[in-house]
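Residues per chain, in single letters:
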Amino acid sequence: MKKEKETTTKKEKDTGPDRTVLGAERSLAILSAFVDVSGPLGLTELEQHTGLFKSVIHRYMMSFIKEGYVVQRADSSYQLGPRAYQLGKAFEASFNYADFIVPALDKLVRETGESTAFYIRQQNQRLCMYAAESPESVKATVKAGSLFAIDQTSSAQVLRFFSVPGNAARSGGRYVCVSVGINNPLSSSMSVPVFGAGNALVGAMTIFGLSLRFDPVASESLRGKLLALAQELSIQLGATPQAYRNPLPEVFDEAAAQTALLQDAVHDA
């Protein structure tokens, strides 16, 4: 009889409300508030950021403080604690960009039939970190590890413009850079920025191929596909949806954008 009672109790517990998930979501909402701002936060500010009542936040804070994830300051405000720092360092040690970027490049190859690459900026050069080749017998290729100049190719445009903090918000919703016949008169490319933690630029994701069958200027649907995948990848790498402001599959004109920035600078001066 006792065993039957225990079984019934466990069944009722298993089919009851999932309090654990709700608690986890609240915990993450509170801790995430510290990621979005710099400096300590009080209960009123946390209430505004999370939508939770102060009394609820305070109860969670007691657990966070006990475990070292949050520290309470002398003025009763809160800041992230040493355990949160250790968690961040553990993430840095275990996080591998290739685990996310390479599958994204492979997906682009399967869906477009063209070659893909991911570039990062190395001072005044661009480095091809990862690459995936087109299955076509005649194709454009690049080797991972290759270094190139920051020129007028689509990937270089991305690295030059979007590496500047604040420029993503000044692009007018246009993030797709294109180039035709820059280093090779027979090839074309399109590139988009990929962002990471803090919405900072990580690199440029690029599709490139022979101009005879690949026209980045005319391929609006392909630009949209590349942009959508870049947004997904950016979230995986730690960016927020706000990294892209009203993204459009339209071609980004870097020269016009740079001119506008110079005009704004002169006006402000």
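For every chain, the first residue of its written sequence is number 1, and the numbers climb from 1 along that sequence. Where totals are concerned, whole chains, interfaces and linings use all residues; where local detail is concerned, this predicted model gives features only for residues with pLDDT of at least 70, and gives and counts side-chain atom pairs only at 80 or more. Hydrogens and water are ignored here; the side-chain numbers use all heavy atoms of the structure.

Brief notes about the side chain of Ser-189
Secondary structure follows DSSP: runs of H or I at least 4 residues long count as helices, runs of E at least 2 residues long count as strands, and numbering of each begins at the N terminus. Secondary-structure assignment places Ser-189 in strand 7 (residues 187-195). Counted as a polar contact is a pair of N or O atoms within 3.5 Å, where, for protein atoms, one must be capable of donating a hydrogen and the other of accepting one, and residues adjacent in sequence contribute only when both atoms are in side chains. Within the structure, the side chain of Ser-189 is placed 2.6 Å from the side chain of Ser-154, a separation counted as a polar contact. Within the local environment of Ser-189, its side chain forms a polar contact with the side chain of Ser-179, the two groups lying 2.8 Å apart. In this structure Ser-189 touches Ser-154, Cys-177, Val-178, Ser-179, Thr-206, Ile-207, Phe-208, Phe-214 and Pro-216, once residues within four positions along its chain are discounted. We call two residues in contact whenever any of their non-hydrogen atoms come within 4.5 Å of each other.

Concerning the sheet that holds strand 5 (residues 147-149)
Read across the sheet, seven strands follow the order 5-4-3-8-7-6-9 without closing on themselves; strand pairing throughout is mixed. Single-partner strands in this sheet number two, and they are strand 5 and strand 9 (248-251). For this sheet, the mean angle separating the axes of adjacent strands, direction not counted, is 35°. Bridge count for strand 7 against strand 8 (residues 201-210) is nine bridges, and the pairing is antiparallel. Bridged to Pro-193 within strand 8 is Ala-204. All axes are obtained by fitting lines to C-alpha atoms, using only the stretch in contact for helices, and the reported angles, taken between N-to-C directions, cover 0 to 180 degrees. Set on the sheet, helix 6 (residues 98-112) makes contact with strand 3 (115-122), strand 4 (125-132) and strand 8; between it and strand 4 the angle comes to about 65°. Pairing between two strands requires that DSSP report at least two bridges joining them.

So, unusual backbone geometry
The backbone of Gln-123 shows a phi angle near 55°, a positive value even though the residue is not glycine. Take Gln-123: it is sitting in the loop between strand 3 and strand 4. Backbone geometry at Asn-246 places phi at a positive 50°, although glycine is not the residue there. Topologically, Asn-246 is positioned in the loop between helix 8 (220-236) and strand 9.

A few points about the confidence of the model for the chain
You can read pLDDT as the predictor saying how much it trusts each residue, on a scale of 0 to 100. Per-chain confidence: the chain averages 87 in pLDDT, with 90% of residues scoring 70 or above. When the criterion is pLDDT under 50, residues 1-15 qualifies, and its contacts beyond four places in sequence or with other chains add up to zero contacts.

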